[in-house]
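Coordinate inspection notes
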Amino acid sequence: MMQQLRNPKNVKLISLFIAAIFVLGCFALSVTQSGFGKNAMAASSESAIGVVNYQMIVSQSPDLNSVNDAMQKEIAEAQKEFNEKSKSMNEDEKRKYYTQLQERLQNKQKELMDPVMKKIEATIKKIADKKGLTVVVEKSTVVFGGVDITDEVAKALQTAK
């Protein structure tokens, strides 16, 4: 075996083989570091980014009417409460009490809207998973590209009602 390695023809063949492996390794490393492979992969698939018009979906949500009705009742109650209790208050006390009522109304609105928002987000995730999208962003932040799933999400929310 040692004599075969001493043969100049075999040494040259082994050297060429090692050099070829080295060159291919350098090429593979440069392709992965340059991002060429990533761009080629991204170009081969249409897009893994979805866009959605969140404001439109929220405004068209079938659950929004019940939230608005509940908030109107809360506002009317707060206004009635303020009118009754503020009669004997000075201006500074009225301002403080008004601020407390505003905070209470904001908390109530958040409490009522949280389930609606979670339902919308779950529907967006479901549609995105079905379409193979890895990221979904607000449509107003996107200049170009992305798969618009707004209509599909709105339809899914309407049929889920």
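Below you will find a few notes about this structure. From a predicted model like this one, the values you see are computed outputs, not experimental measurements.

**Section: the nonpolar core**
Core analysis: the biggest nonpolar cluster contains 19 residues, and I57, M113, I120, I124, I149 and V153 have the highest contact counts within it. If you list the elements that add at least two residues to this core, you get helix 4 (54-60), helix 5 (64-85), helix 6 (91-131) and helix 7 (150-160). No other element matches the seven residues that helix 6 contributes to this core. Those residues in contact with I124 that sit more than four places away from it in its chain are V52, Y54, V136, I149 and V153. If you look at the next biggest cluster of nonpolar residues, it comprises five residues, including F82, Y97, L101 and L105.

**What about the sheet that holds strand 1 (residues 49-52)?**
Consider a sheet: its strands pair through backbone hydrogen bonds, and that pairing is either parallel or antiparallel. Spatial ordering of the open sheet is given by 2-1-3, a layout of three strands whose pairing is parallel. Of all strands in the sheet, those bounded by a partner on one side alone are strand 2 (135-138) and strand 3 (147-148). Where strand 1 meets strand 3, two bridges bridge the pair, whose relative direction is parallel. Directly across from V51, in strand 3, lies its bridge partner D148.

**Topic: the packing of aromatic side chains**
Tallying each qualifying case throughout the model produces two aromatic pairs. Centroid distance F82 to Y97: 6.0 Å. Interplanar angle 10°. Geometry classified as stacked. Taken together, the residues F82 in helix 5 and Y97 in helix 6 connect sequence positions 15 residues apart. With 5.9 Å between their ring centres and 70° between their planes, F82 and Y98 make a pair best called edge-to-face. Highlighted residues: F82 in helix 5 and Y98 in helix 6, separated in sequence by 16 residues.

**A closer look at the pattern of salt bridges**
Under the definition given, this model contains ten salt bridges. Here D63 makes a salt bridge to K119, at a shortest N to O gap of 3.2 Å. Placement of D63 in the loop between helix 4 and helix 5 and of K119 in helix 6 is noted, with a sequence separation of 56 residues between them. Residue classification places D63 among the buried positions, given a relative accessible area of 15%. Given a relative accessible area of 27%, K119 falls into the partly exposed group. Note that D92 is salt-bridged to K96, the shortest N-O span being 3.8 Å.

**Re the pairing of strand 1**
In the sheet, strand 1 pairs with strand 2 via four bridges, with the strands oriented parallel. Paired with I49 across the bridge in strand 2 is V135.

**What to know about the packing of helix 5 against helix 6**
The relative placement of two packed helices comes down to the angle between their axes together with the axis-to-axis distance. Following both chains from N to C, one finds helix 5 and helix 6 inclined at 165°, their axes separated by 10 Å at the closest point. The angle between helix 5 and helix 6 falls in the class roughly antiparallel. The element helix 5 and its partner helix 6 pack so that their crossing is right-handed. Only K94, Y97, Y98, L101, R104, L105, K108, Q109, L112, M113 and V116 of helix 6 make contact with helix 5, whose side of the interface consists of L64, V67, A70, M71, E74, I75, A78, E81, F82 and K85.

**What about helix 5?**
When the terminal C-alpha atoms of helix 5 are compared, their 31 Å separation across 22 residues agrees well with the 32 Å that a helix rising 1.5 Å per residue should span. Here helix 5 has its buried residues at L64, V67, M71, E74, A78 and F82. Summarising the axial view, the buried residues of helix 5 lie within an arc of 85°, below the 170-degree limit, and thus occupy one face. Exposed residues pointing more than 90 degrees away from the buried face of helix 5 are listed as N65, Q72, K73, K80 and E84.

Reading the values: the criteria
- Residues numbered from 1 in each chain as written.
- Predicted model: local features only at pLDDT ≥ 70, side-chain atom pairs only at ≥ 80, totals over all residues.
- Heavy atoms only, no water.
- Core = buried A, V, L, I, M, F, W, Y, C linked by side-chain atoms within 4.5 Å.
- Buried < 20%, exposed > 50% of the residue type's maximum accessible area, 1.4 Å probe, protein only.
- Helix = DSSP H or I, 4+ residues; strand = E, 2+ residues; numbered from the N terminus.
- Contact = heavy atoms within 4.5 Å.
- Pairing = 2+ DSSP bridges.
- Phe/Tyr/Trp six-rings, centres within 6.5 Å; stacked < 30°, edge-to-face > 60°.
- Salt bridge = Lys/Arg side-chain N within 4 Å of Asp/Glu carboxyl O.
- Axes fitted to C-alpha atoms, helices over the stretch in contact; angles between N-to-C directions.
- Parallel < 35°, antiparallel > 145°, perpendicular 65-115°, else oblique.
- Left-handed = near helix turned anticlockwise from the far one by under 90°.
- Expected span 1.5 Å × (residues − 1).
- Arc of directions from axis to C-beta.

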